[in-house]
Structures are given as structure tokens and as C-alpha cells.
Amino acid sequence: MSTCFGGGRYGNQIFRSLAVSIFAEKFNLSVNYKECNRIEKLGIKLFNGKNRYKNTIELNDNNYFDLYNQDKLTYNIKTKSYFQTKKITDLVYNYLNNDKMIEKIIINSKYKFRYKNNNDCFVHIRLGDVSKYNPGFDYYDKILSKLNFDNLYVARDRKSTRLN
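Below you will find a few notes about this structure.

Cut-off values and rules
- Residues numbered from 1 in each chain as written.
- Predicted model: local features only at pLDDT ≥ 70, side-chain atom pairs only at ≥ 80, totals over all residues.
- Heavy atoms only, no water.
- Helix = DSSP H or I, 4+ residues; strand = E, 2+ residues; numbered from the N terminus.
- Buried < 20%, exposed > 50% of the residue type's maximum accessible area, 1.4 Å probe, protein only.
- Salt bridge = Lys/Arg side-chain N within 4 Å of Asp/Glu carboxyl O.
- Core = buried A, V, L, I, M, F, W, Y, C linked by side-chain atoms within 4.5 Å.
- Contact = heavy atoms within 4.5 Å.
- Expected span 1.5 Å × (residues − 1).
- Axes fitted to C-alpha atoms, helices over the stretch in contact; angles between N-to-C directions.
- Parallel < 35°, antiparallel > 145°, perpendicular 65-115°, else oblique.
- Nonpolar A, V, L, I, M, F, W, Y, C, P; charged D, E, K, R; others polar.

Brief notes about the overall build of the protein chain
Inference 1: Along its length, the protein chain carries 6 helices and 7 strands.
Inference 2: Walking the protein chain from its N terminus toward its C terminus, one meets helices and strands in the order β-α-β-α-β-α-β-α-α-β-α-β-β.
Inference 3: By its C-alpha atoms, the protein chain is 55 × 35 × 25 Å across when sized along the principal axes.
Inference 4: When the 164 residues of the protein chain are sorted by exposure, 34% land in the buried category.

Here it is, written out as C-alpha cells:
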């Protein structure tokens, strides 16, 4: 069985899983994803096929398209990379932004009733290991004061909060 594991927080797990899901779908690979249940709660169904092989190779940023462009793959894959090169991010972007995929995500999301039915604003403020890069309160205040919204959701490193 192939595995999709690696470092990073939730956003990195989502992105890595999407890149692997696209890859796995092409080769019908059976994959164990690190955050599968949490990602699927967002409405994103990760591909999990049937093919399992005796040998395993590492899939990474450098060999992703060399392997993806093959006609056949006879290995399981394991991952550590983040899969955030320009070429891979373009692939994931195009995958997520086609009408069929958007419809699938909406239908499978527990928040589908909110699609095109809210005037909310979501802000992610990452602190923790990168707090020195945070622009500070005045930056967020200036931007938010120019917007009109009903609910403001502020996410930080560990927990989201709804502010009215």
C-alpha cells in the first residue's frame, strides 16, 4: 500500500494529499493518507484505488512528473515532500478549479448549505513559529475596516473563533 505522510500543519497535509490523490488516481493506487478523515470532512474525497505492489519508491518534488508522465507504475509510493513546486501547485489548482470537482466538494461538504449563502469573512493569523513575520493588528484592522461582512472568523495556530 502507498502512504501519504510528511511534516507540516493541516494546510500542508491537505495540499500533499491532493497532489498524491491526483497521482494515485492516474495509477489506481491504494493509499493511506495521514489526515484523510479530516480532509474528507471538507468535502474533498481523496482517491484510494486498488493497486498495491511489492516494492515502494519515494515520490517527491523532483520526481513527481517523471513518474506521473509514465504510462504505467508498478510501485507503491511513499511521501515526505510538500509538493508545492510551481508545476505541482498548478496541477492541484487546475484539479480543484474545474466545475466537476467544485460540485463534488460542495455536495460532499457538511457546510454545503452555506455555499453562496453567507457573507462571512475568514482570516487566518499564523503565529507560532512565524510570529516575527506577522504584520500586526493595524494591518488586519485596516483591511477588515474596508470590508462588509456578517460574521468574522479568525483562525490562529490552534483554534478558530467566531466573532460577531
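A word on the pattern of salt bridges
Inference 1: Per the counting criterion, the structure on display carries 3 salt bridges.
Inference 2: The shortest N-O distance in the salt bridge between E35 and R38 comes to 3.5 Å.
Inference 3: What makes E35 buried here is its relative accessible area of 19%.
Inference 4: Between K86 and D90 there is a salt bridge, with its nearest N and O atoms 2.9 Å apart. Residue K86 and its partner D90 are both found in helix α4 (residues 86–96); the two are separated by 4 residues, about one turn of the helix.
Inference 5: Residue K86 is classed as exposed on the basis of its relative accessible area of 60%.

Description of the nonpolar core
Inference 1: Ranked by size, the top nonpolar core spans 30 residues in total, and within it F23, L29 and Y64 carry the most contacts.
Inference 2: Sorting the residues of this core by element identifies α1 (10–27), β2 (31–33), α3 (64–68), α4 and α5 (99–108) as the ones contributing at least two each.
Inference 3: Broken down by element, this core gets its largest block of residues, 9 residues, from α1.
Inference 4: If we skip the residues at most four places from it in the chain, F23 touches L29, L59, Y64, L67, Y68, L73 and I77.

Notes on α1
Inference 1: Between its first and last C-alpha atoms α1 spans 26 Å; for 18 residues at 1.5 Å apiece the expected length is 26 Å, and the two agree.
Inference 2: For α1, the buried fraction is high: 13 of the 18 residues fall into the buried class.
Inference 3: One or two residues past the end of α1 sits N28, with phi positive at roughly 55°.

Description of the environment of L67
Inference 1: Following the sequence through the fold, L67 ends up in helix α3.
Inference 2: The exposure class of L67 is buried, given its relative accessible area of 10%.

Regarding the packing of α1 against α4
Inference 1: Where α1 contacts α4, the axes come no closer than 10 Å and their chain directions differ by 80°. The pairing of α1 with α4 is recorded here as roughly perpendicular in orientation. In contact with F15, L18, A19, S21, I22 and E25 of α1, α4 contributes I88, T89, L91, V92, Y95 and L96.
Inference 2: For the contact of α1 with α4, a count of residues per class yields 9 nonpolar, 2 polar and 1 charged.

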